[in-house]
Structure formats: C-alpha cells, structure tokens
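Spelled out from the first residue to the last, the chains are:
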Amino acid sequence: MFVLAELKDNVRIAPELFGLKLPEAIKDEINRKLANKVLLNVGLCIALKDIVKLGDSIILPGDGASHTEVNFRYIVFRPIIGDVITGKIRSCSREGVHITLGFFDDILIPPSALQHPSRYEEAEQAWVWEYPLEDGNTHDLYMDIGESIKFRVSGEVFEESSPIGPPDQEVPSSAVPGTSGGGAGTSGVTEGNKTPYRIVAAINESGLGLLSWWVQQNQEEDEEGEEEEQEDEAEQESGGENE
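Just so we're clear, the structure is a prediction, and the values are computed from it rather than from any experiment. Residue numbers run consecutively from 1 along every chain, following the written order of its sequence. Only residues with pLDDT of 70 or above have their local features reported here, since the model is predicted, and side-chain atom pairs are shown and tallied only from 80 upward, although totals for entire chains, interfaces and linings are computed over all residues. Only hydrogens and water are set aside when side-chain values are computed; all heavy atoms of the structure are taken into account.

**Student:** Where do I start with the overall build of the protein chain in this structure?
**Tutor:** Think of it this way: any DSSP run of H or I at least four residues long counts as a helix, any run of E at least two long counts as a strand, and we number them from the N terminus. Within the protein chain, the regular secondary structure consists of three helices and 13 strands. Per-residue accessibility, obtained with a 1.4 Å probe over protein chains only, is compared with the maximum for each type, and a residue is labelled buried under 20%, exposed over 50%, and partly exposed between these values. Relative to its full complement of 243 residues, the protein chain shows a buried share of 27%. The contact criterion used is simple: two residues touch if any of their non-hydrogen atoms lie within 4.5 Å. Sequence separation of at least 24 residues holds for 66% of the intrachain contacts in the protein chain that already meet a minimum separation of 6. In the form shown here, the protein chain has an accessible surface area of approximately 15,300 Å², with 48% of it arising from carbon and sulfur atoms. Note on areas: Shrake-Rupley, 1.4 Å probe, and residue coverage restricted to the protein chains presented here.

Structure below.
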C-alpha cells in the first residue's frame, strides 16, 4: 500500500533559513512542497524517508537563496493492483460506493464490482446486496455510511490538472478574442474539478465487503458447529447408557 519513490529535485532554501543545518532545511522544504500532494504516475506523497545525495549548493545572480540538487526517497501511497485494504464507506451514489481511508477519499467501487445482485435505494442513499437464502428468498444487506468495508484494488487513474484562478473570476471578452467571459469561467471550473489520483476497487468475491457481514456469518457457523457437537455428545452418552 505504501512504497518508496526515488525522486530528484532542485531545492531552494531562502536566506532566512540559512541558520539551520542544510539537511534539516532541505528536509523541511521538501515536505512543505510535496506532503499531501499527488505526483503524476507516482502517487500521494506522505512524508520524506531520507536524503540519498546532496549536490553542490549554488546562489544564482539576482537571487539570495541557495539552490541544491537533491536525490531523496519519499514515502508514497500507491496500492498495488490486487491489494486487499480495509476502509470505511464515505457515501453512496448511482456511480457506486465511495470509500475513505481517513487520509485518502478518492476510492470508488462501481456497480459492476459490487456483489450480485445489488440495487441502489434512492430513499436510503445506499446500495443493497440482495443476499440469496436457502429457501429461494433474499435478505437485504445495506451498505451504510461509516461501515468498515474490505475491498480489492482493481485499478487506478491519474489525471493531469493545471492550477487555475478563482472559478468566479470574470475574463473580459476583449482579453480573449472570440471567447466570452462566461465560457472561460465554465471551462476553468471543469478543469478544477479533476481528481488527480483515483482508485477503482471491487468487492464481488467471497470474504470482501462489509466486515459485519462475514462476522455475522462466522458466528452463525460457530453456533451450528456447537449444536452439532452437543448432539454428537448426547448420542454418545445415550449409546453408553444403553450398553
């Protein structure tokens, strides 16, 4: 689920930080720059592991800061396809079940990857697994918000997004020939809504889904096993008395 990414960057240290030791100042700057940010095709950056190599520090003309080429290793959240992870249901929609890990929210289980058959209850805002019973009927198992759920990672999606200005900022039509201010604002909002890193998950196999489903099933199986043991013991006792 967490991997070490080997990265390289040119780190700028402002003059007011020259009182710190160089490795400490570089560590703080790298974490400030990368922590809780997504790197394209790398993953969600968590924290700096260590610095592998420090290059020479130089001061460019017209800039009082130092610039140092740094090779370092960073802890990154990027699950491997096939990993089984436990999270919590954040919300449900017709798109599927949205999962959160606390520090990462962009996990989606699409309807095709839920247990079959499942349906979406609009009034309850929840997906329901129609669990088949032995008598041919079904029992509704709801996927409620806040429930712990075990899922398998089936895919990942990276999208490159560029920084934009405020969505309500008006652009004069004269500034962009042939483009209205409303049109420019609309396209900006669309670009800003892109999710840079998403995980696609699945629970359509035995043992996956809400933890409460399988806990209840295991309890029922244990109770049935205890009843069978008691019956066997009773038969053995009755057989001994008859002898």
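**Student:** I'm lost on the sheet that holds strand E1 (residues 2–13) in this one. Help?
**Tutor:** The strands making up a sheet are joined through hydrogen bonds of the backbone, oriented either antiparallel or parallel. Pairing between two strands is assigned when DSSP locates at least 2 bridges connecting them. Read across the open sheet, the four strands follow the order E1-E4-E3-E2; overall the sheet is antiparallel. Pairing within the sheet leaves two strands with one partner each, and these edge strands are E1 and strand E2 (38–39). Of the pairings in the sheet, the one linking strand E3 (residues 43–59) to strand E4 (residues 66–77) comprises 11 bridges and is antiparallel in character. Residue Lys53 lies in a different strand from E4, and its bridge partner there is Asn71. Docked against the sheet, helix H1 (residues 22–34) engages E1, E2, E3 and E4, running at close to 135° with respect to E3. In this analysis an axis means a line fitted to C-alpha atoms, helices contributing only their contacting stretch, and an angle means the value between N-to-C directions, from 0 to 180 degrees.

**Student:** Even after reading the chapter, I still don't get the pairing of E3, so can you show me in this structure?
**Tutor:** Along any regular strand the residues' side chains alternate between the sheet's two faces. Note that E2 and E3 share two bridges and pair antiparallel. Paired with Val38 across the two strands is Leu44, which belongs to E3. If you look at the hairpin formed by E2 and E3, you'll find three residues sitting between the two strands, and Asn41 has a positive phi there, around 65°. Turn length for the E3-E4 hairpin, with the two strands adjacent in sequence and antiparallel, is six residues, and the turn residue Gly62 shows positive phi of about 85°.

**Student:** I'm lost on the packing of aromatic side chains in this one. Help?
**Tutor:** Here a ring pair, both rings aromatic, is described through the centre-centre distance and the interplanar angle of the planes. Aromatic rings from Phe, Tyr and Trp, taking only the six-membered ring of Trp, are treated as a pair when their centres fall within 6.5 Å; an angle between ring planes under 30 degrees marks them as stacked, one over 60 as edge-to-face, and anything in between as tilted. Per the stated rule, a full pass over the model turns up 10 aromatic pairs. Ring geometry for Phe77 and Phe104: centres 5.1 Å apart, planes at 50°, overall tilted. Linking Phe77 in strand E4 with Phe104 in the loop between strand E6 (96–100) and strand E7 (107–109), this pair joins segments that are 27 residues apart in sequence. Exposure remark for Phe104: the relative accessible area of 5% places this residue in the buried category. On the numbers, 5.5 Å between centres and 50° between planes, the contact of Phe104 with Tyr197 is tilted. Of this pair, Phe104 sits in the loop between E6 and E7 while Tyr197 sits in strand E12 (residues 197–202), and the two are 93 residues apart along the sequence. Through successive ring pairs, a cluster of aromatic residues spans Phe2, Phe77, Phe103, Phe104, Phe158 and Tyr197.

**Student:** Explain the sheet that holds strand E9 (residues 126–132) to me, please; I cannot follow it from the model alone.
**Tutor:** Strand order in the open sheet formed by three strands is E8-E9-E10, with antiparallel pairing between adjacent strands. For this open sheet the edge positions go to strand E8 (118–121) and strand E10 (138–143), each flanked by a neighbour on one side alone. Neighbouring strand axes in the sheet, compared pairwise and without regard to direction, differ in orientation by 30° on average. Judged from the four bridges that link them, E8 and E9 form a sheet pairing that is antiparallel. For Tyr120, the partnering residue across the bridge sits in E9 and is Trp127.

**Student:** Honestly, the nonpolar core in this entry has me stumped. Any pointers?
**Tutor:** It is characteristic of soluble globular proteins that their nonpolar side chains tend to be buried jointly. In these notes, a set of buried Ala, Val, Leu, Ile, Met, Phe, Trp, Tyr and Cys residues joined through side-chain atoms within 4.5 Å is what counts as a nonpolar core. Among the nonpolar cores identified, the biggest contains 31 residues, and Val97, Ile109, Met143 and Phe151 are the most heavily contacted of them. Looking at this core, the elements that each hand over two or more residues are strand E5 (84–93), E6, E7, E9, E10, strand E11 (148–158), E12 and helix H3 (211–242). Leave out the neighbours within four places in its chain, and Ile109 touches Glu95, Gly96, Val97, Ile99, Leu114, Ile149, Phe151, Ala201, Ala202 and Ile203. Residues Leu7, Val11, Ile13 and Cys45 belong to the second largest nonpolar core, which totals 14 residues.

**Student:** What is the right way to read the layout of surface pockets from this model?
**Tutor:** Vacant regions in the atomic arrangement are exposed by a probe of water-molecule size rolled over the atoms. When its volume is computed, the second largest pocket comes out at roughly 160 Å³. Cavities and pockets were defined on a 1 Å grid built over protein atoms only: a cavity is a set of grid points that admits a 1.4 Å probe from which the probe cannot escape, a pocket is an open set flanked by protein on both sides within 12 Å along at least five of seven lines, and lining residues are those with an atom within 4 Å of any such point. As for the second largest pocket, its lining consists of Arg90, Glu95, His98, Asp105, Asp106, Ile107, Leu108, Val157, Thr195, Arg198, Ile199 and Val200. Within the residue set of the lining of the second largest pocket, elements represented by two or more residues are E7 and E12. Considering each element in turn, the lining of the second largest pocket owes the most residues, three residues, to E12. Under the scheme applied here, ten amino acids are nonpolar (Ala, Val, Leu, Ile, Met, Phe, Trp, Tyr, Cys and Pro), four are charged (Asp, Glu, Lys and Arg), and all others, including Gly, are polar. In terms of residue class, the lining of the second largest pocket is made up of five nonpolar, two polar and five charged. Grid points are joined across faces, edges and corners, and a volume is the space filled by probe spheres set on the points.

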